[in-house]
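In case you want the letters, here they are:
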Amino acid sequence: YCHIPFCRKRCHFCYFKVYTDKDSQAIRGYLDALLAELTIYAGKPFVGGRKPGFVYFGGGTPSYLSVEQLRFLTDGMKRLLPWDEVEEVTFECEPGTLTDHKLAALRELGVTRLSLGIEHFDDHILEINGRAHRSKEIARAYAYAREVGFPQINVDLIAGMVEETEDKWKMAVAKTLELAPDSV
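Here goes a summary of the coordinates provided. Please read these numbers as outputs of a predicted model, since none were measured by experiment.

With respect to the overall build of the protein
No. 1: For the protein, the count of helices and strands is six helices and five strands.
No. 2: Overall, the protein shows an N-to-C arrangement of helices and strands of β-α-β-α-β-α-β-α-α-β-α.
No. 3: By the compact-globule yardstick of 16 Å for 184 residues, the protein fits well, its C-alpha radius of gyration being 17 Å.
No. 4: C-alpha extents for the protein along the principal axes are approximately 55 × 35 × 30 Å.
No. 5: Put simply, the protein has 184 residues, and 43% of those count as buried.
No. 6: Considering only residue pairs separated by 6 or more positions, the protein has 76% of its internal contacts joining residues 24 or more positions apart.

Focus on the sheet that holds strand β4 (residues 113–119)
No. 1: In space, the five strands of this open sheet follow the order β1-β2-β3-β4-β5, with parallel pairing throughout. The sheet terminates laterally at β1 (2–4) and β5 (152–157), the two strands that pair on one side only. Shown here is a sheet whose adjacent strand axes are inclined to one another by a mean of 20°, direction ignored.
No. 2: Taken together, the three bridges between β1 and strand β2 (residues 54–59) define a ladder with parallel strand orientation. Residue Cys2 lies in a different strand from β2, and its bridge partner there is Phe57.
No. 3: Running at roughly 145° to β2, helix α2 (residues 67–80) makes contact with β1, β2 and β3 (88–93) of the sheet.

Here's the deal with helix α5 (residues 135–148)
No. 1: Spanning 14 residues, α5 covers 20 Å between terminal C-alpha atoms, matching the ideal 20 Å at 1.5 Å per step.
No. 2: Taken together, the buried positions of α5 are Glu137, Ile138, Ala141, Tyr142 and Ala145. Each buried residue of α5 lies within a common arc of 125° when the element is viewed along its axis, so the set occupies one face. In α5, the exposed positions angled more than 90 degrees off the buried face are occupied by Lys136 and Glu147.
No. 3: Looking at the packing, one finds that the buried side of α5 touches α3 (100–108), β4, α4 (123–128), β5 and α6 (166–179).
No. 4: Of the residues one or two after α5, Gly149 is the one with positive phi, at around 90°.

Observations regarding the packing of α2 against α3
No. 1: Running from N to C, α2 and α3 cross one another at 10°; their axes reach a closest spacing of 10 Å. Between α2 and α3, the angle is such that the two are roughly parallel. Residues Val67, Leu70 and Arg71 of α2 lie in contact with α3, whose contacting residues are His101, Lys102, Ala105, Leu106 and Glu108.
No. 2: Residues that form the contact of α2 with α3 fall into these classes: four nonpolar, one polar and three charged.

Side note on the state of the cysteines
Chemically, a disulfide is nothing more than a covalent bond linking the sulfur atoms of two cysteines.
No. 1: For the structure on display, the rule yields zero disulfides.
No. 2: Left unpaired, Cys11 is separated from the closest cysteine sulfur, that of Cys14, by 6.3 Å.
No. 3: The structure places no disulfide on Cys14, whose sulfur is separated from the nearest cysteine sulfur, that of Cys7, by 6.1 Å.

What counts, and at which threshold
- Residues numbered from 1 in each chain as written.
- Predicted model: local features only at pLDDT ≥ 70, side-chain atom pairs only at ≥ 80, totals over all residues.
- Heavy atoms only, no water.
- Helix = DSSP H or I, 4+ residues; strand = E, 2+ residues; numbered from the N terminus.
- Rg over C-alpha atoms; globule rule 2.2 N^0.38 Å.
- Buried < 20%, exposed > 50% of the residue type's maximum accessible area, 1.4 Å probe, protein only.
- Contact = heavy atoms within 4.5 Å.
- Pairing = 2+ DSSP bridges.
- Axes fitted to C-alpha atoms, helices over the stretch in contact; angles between N-to-C directions.
- Expected span 1.5 Å × (residues − 1).
- Arc of directions from axis to C-beta.
- Parallel < 35°, antiparallel > 145°, perpendicular 65-115°, else oblique.
- Nonpolar A, V, L, I, M, F, W, Y, C, P; charged D, E, K, R; others polar.
- Disulfide = S-S within 2.5 Å.

Structure follows, in C-alpha cells:
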C-alpha cells in the first residue's frame, strides 16, 4: 500500500490525513521520503529480495500527482521491489484529475485496476458533500479509461451522503450498472 495524501479539495466526510495546499516541491519531498523509507524496508530480510504480488495506491488522491511525479515514484518503487511478477496494481482516482494523457501514462506504468472514486452521479450531492468533480468529469474519465484498455475498472460509490434520497441512490446504482464497470 502506498498512501498519497494530496487532494484538490477535502471532502466533507473525509477523515484521512490529506493535504490540499502543497506545491510540487512539497510533493517531491514526500515522494523522496516515501522512497527513502521503502529503501530501508527493501534492505531488510523480511522484504528484501521479495517481489510484490499486489501494489495499491490509495489516498488522498493518487491521481492528483502529475505524470512526471508518478513516473518518478513508480520507477523508484520498481527499482527497489520489481513488479515483474505482480498480479495487480490498483490506483485510486478522482475523476476530475484524469485526462487521456494521464490515463495512458497510468496504464503504461503498469496499473491494471483503475478505481474511480465516483461516489455519486448527482452534481448537487457531489457539491454539498465537498467532492471536487462533477458528473461531466465522470463520463469523460470513464470513457477515457475504457479507451486506454485497463484490464479492470472499479467504481466506488458512497451510500448515505448528505441530502441523498432513496430515489437518488437508486439513480446512482442504475447509472453505475449502465457503465458496466468490472467491479463496484
